[in-house]
Amino acid sequence: MSVEFNHTVIACRDREESARFLAGILGLEVGEPAGPFLPVETANGVTLDFATVGHDVPTQHYAFLVSEEEFEQILARLVAARVPIQADPHGKHPGRINRNDGGRGVYFRDPSGHGMEALTRPYGSDPTSELNGVTEEVPGAAVN
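We now turn to the structure provided with this report. Small disclaimer: the values here were computed from a predicted structure and weren't measured. (Residues numbered from 1 in each chain as written. Predicted model: local features only at pLDDT ≥ 70, side-chain atom pairs only at ≥ 80, totals over all residues. Heavy atoms only, no water.)

When you go through the protein residue by residue, the secondary structure sums to two helices and nine strands. Over its C-alpha atoms the protein spans a radius of gyration of 15 Å, differing by no more than 12% from the 15 Å that the globule rule assigns to 144 residues. The principal-axis extents of the C-alpha atoms in the protein amount to approximately 50 × 40 × 25 Å. Counting only residues that meet the buried cut, the protein has 41% of its 144 residues in that class. Put simply, of all contacts in the protein between residues at least 6 apart along the chain, 61% involve residues at least 24 apart. For the protein, the exposed area adds up to about 8,000 Å²; of that, 52% sits on carbon and sulfur atoms. (Helix = DSSP H or I, 4+ residues; strand = E, 2+ residues; numbered from the N terminus. Rg over C-alpha atoms; globule rule 2.2 N^0.38 Å. Buried < 20%, exposed > 50% of the residue type's maximum accessible area, 1.4 Å probe, protein only. Contact = heavy atoms within 4.5 Å. Areas by Shrake-Rupley, 256 points an atom, 1.4 Å probe, with all protein chains shown as cover.)

Written out as structure tokens, the structure is:
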């Protein structure tokens, strides 16, 4: 059997709020609770198990590879929900998306402060792309 990533626990302030937020933005379903976990499953079978913790939550980063069509839908949901977006993880390009590797990418925060990312091309998939480092403004996008 080959090694596959199966699940991870996402520590958060409120599992309901965080799971429903991410599922809503990505167009996924929230599963039935399993003990302390509230699962959200991705298309490739990886489960994100959201768990409420009673202490400060260290910021983590989660990236989701999506199709161009899914990206359009995700971006539209982020804009409609007035979720601040940015083209980079450091916040140097608020209200914008990136065009790295000839694709598109966007960063946003979940209710617990985790850094979320949706991208259409894996990083490094086209290191010679003329679009690397290019950002585009998103009309109507919320910024911090």
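That shown, we press on.
This part covers the environment of Val143. Topologically, Val143 is positioned in the segment after strand S9 (135-137). Between the C-alpha atom of Val143 and that of Glu70, which follows or precedes it by 73 residues, the distance is 22 Å. With near-sequence residues (within four places) excluded, Val143 lies in contact with Pro84, Pro94 and Gly95.

What follows concerns the nonpolar core. Soluble, globular proteins show a tendency: their nonpolar side chains are buried together. Ranked by internal contacts, the top residues of the largest apolar core, which has 28 residues, are Leu22, Phe50, Phe64, Leu78, Val106 and Phe108. Examining the composition of this core, we find that six residues originate from one element, helix H1 (residues 15-26), more than from any other. (Core = buried A, V, L, I, M, F, W, Y, C linked by side-chain atoms within 4.5 Å.)

This part covers the packing of H1 against helix H2 (residues 68-80). For any two helices packed against each other, one specifies the crossing angle of their axes together with the interaxial distance. Packing of H1 against H2 leaves a shortest axis separation of 7 Å and a crossing angle of 130 degrees. Here H1 lies oblique to H2, going by the angle between them. Taking contact as the criterion, the partners of Gly24, Ile25 and Leu26 in H1 are, on H2, Ile74, Arg77 and Leu78. (Axes fitted to C-alpha atoms, helices over the stretch in contact; angles between N-to-C directions. Parallel < 35°, antiparallel > 145°, perpendicular 65-115°, else oblique.)

With that out of the way, let us pick up H2. Compared with an ideal rise of 1.5 Å per residue, which puts 13 residues at 18 Å, H2 spans 18 Å between its outermost C-alpha atoms and is within 8% of the ideal. Turning to H2, the residues buried within the fold contact H1, strand S5 (85-86), strand S6 (96-98), strand S7 (105-109) and strand S8 (115-119). Downstream of H2 by one or two residues, Arg82 has phi in the positive range, about 60 degrees. (Expected span 1.5 Å × (residues − 1).)

Although it is not a glycine, Arg82 adopts a positive phi angle of roughly 60 degrees. Mapped onto the elements of the fold, Arg82 is located in the loop between H2 and S5.

This part takes up the side chain of Thr135. Looking at the element boundaries, Thr135 is found in strand S9. Within the structure, the side chain of Thr135 is placed 2.7 Å from the side chain of Arg96, a separation counted as a polar contact. Setting aside its immediate chain neighbours within four residues, Thr135 contacts Ala87, His93, Arg96, Ile97 and Asn98. (Polar contact = N/O pair within 3.5 Å; in protein donor to acceptor, adjacent residues only side chain to side chain.)

This part is about H1. Between its first and last C-alpha atoms H1 spans 16 Å; for 12 residues at 1.5 Å apiece the expected length is 16 Å, and the two agree. Along H1, the residues classified as buried are Arg15, Ser18, Ala19, Phe21, Leu22, Ala23, Ile25 and Leu26. Among the residues of H1, the N-terminal cap falls to Asp14, whose side-chain oxygen and the backbone nitrogen of Glu16 are separated by 3.0 Å. Gly27 occupies a position one or two residues after H1 and carries a positive phi of about 75 degrees.

With that settled, the discussion passes to the pairing of strand S4 (residues 61-65). With burial as the criterion, only one face of S4 is covered, namely that bearing Tyr62 and Phe64; the residues His61, Ala63 and Leu65 on the opposite face remain uncovered. Alignment of S4 against S8, held across five bridges, turns out to be parallel. What sits directly across from Leu65, in S8, is Leu119. (Pairing = 2+ DSSP bridges.)

Keep in mind these values describe shape, not function.
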